[in-house]
Amino acid sequence: MTEPTSARPGARHDIESRAAGLPAPVVDIAPTREAAAGRASAAIAAAIAEGLSARGAAHLALTGGSGGKAIAHALPTALAEAGISPQDLRGLHIWFGDERFVPAGDAERNDLFAAPLAEAGVPGENIHRLAGPEAAANVRLATEALERDLAIAGPAGGRFDAIHLGMGPDGHVCSLFPGHPVALTTGRDMAAVEDSPKPPPQRATLTFPALHRSRLVVLLAFGQDKRDAARAGLGSPDAALAPISCARGERTLWFLDDAADPRDR
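Residues numbered from 1 in each chain as written. Predicted model: local features only at pLDDT ≥ 70, side-chain atom pairs only at ≥ 80, totals over all residues. Heavy atoms only, no water.

Taking an unreviewed UniProt entry as the reference, the chain is identified by name as 6-phosphogluconolactonase belonging to Actinomyces marmotae. Quoted verbatim from the Catalytic activity (unreviewed entry) heading of the UniProt record, the comment on the chain is "6-phospho-D-glucono-1,5-lactone + H2O = 6-phospho-D-gluconate + H(+)". UniProt's Sequence similarities (unreviewed entry) comment on the chain is quoted here verbatim: "Belongs to the glucosamine/galactosamine-6-phosphate isomerase family. 6-phosphogluconolactonase subfamily." (UniProt positions renumbered as here; feature names shortened; annotations may be inferred.)

Asker: Give me the lowdown on the pattern of salt bridges, citing residues and values where you can.
Answerer: Considering all chains together, one arrives at 16 salt bridges under this definition. Between Arg-140 and Glu-194 there is a salt bridge, and its shortest N-O distance comes to 2.9 Å. Taken as a pair, Arg-140 in helix α5 (residues 139-153) and Glu-194 in the loop between β6 (190-193) and β7 (203-206) lie far apart in primary sequence, 54 residues in all. On the accessibility criterion, Arg-140 (35% relative accessible area) is partly exposed. Here the residues in one salt-bridge network are Glu-50, Arg-55, Asp-161 and Arg-215, joined through shared partners. (Salt bridge = Lys/Arg side-chain N within 4 Å of Asp/Glu carboxyl O. Helix = DSSP H or I, 4+ residues; strand = E, 2+ residues; numbered from the N terminus. Buried < 20%, exposed > 50% of the residue type's maximum accessible area, 1.4 Å probe, protein only.)

Asker: Give me the UniProt feature "domain: Glucosamine/galactosamine-6-phosphate isomerase" (unreviewed entry) in the chain: which residues, what numbers.
Answerer: Following the UniProt record, the feature "domain: Glucosamine/galactosamine-6-phosphate isomerase" (unreviewed entry) maps to residues 32-254 here. The annotated region residues 32-254 carries 33% helix and 15% strand content, and the separation between its end C-alpha atoms amounts to 14 Å.

Okay, structure coming up:
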């Protein structure tokens, strides 16, 4: 298995150059959290519908946090409104932009947010989970196993139909944190984090190369404490200082509530 190339000279430059070559985010400001989540879910549902229609399958990566919870509740309704039936959902695969290396069922697991989609009709075998410490010796082995699953069962060419992101007040996305060497990983789609600055310390994360190939990146963020990070995210790409600034796909849509609006007031 190829190791992360965060220490390779030029790795950071590669990430930032790629991000700079992708379209800047289109920002949508909603009056409430609920409205922002609804709009984000509608955009994701449209991307999934397109994937199912054009390719017979669709691949979505979810995240955790307040945005992940909001999407988990809003997305099943958005999928139904987009004309996607429970039978259609048999072609939807769910992945996770980052996951915590804690036991299955632990409250810290992001994969708990897949439950409403499973209830809506996504088969259990289509929900691709990171093995916990009860099933894998360490987070590196668990990440490598999930990366193999992604290579075999994931989207063609590594192009997710949609990746949903949250954003930390420090500007992190997935488990790509400011100043952390894993944020500069190239040459692979997933990486293990063994010393996350935010607990729990052990995690698996998608890398920027995976984000950059996504057909759609949807960021959902709430609250005044996200305003500075959002402002930094709209600046020049800087993977080390503001990872959010490099979190772009072929198309990137930001859905923020009014409190997170980065514009000067």
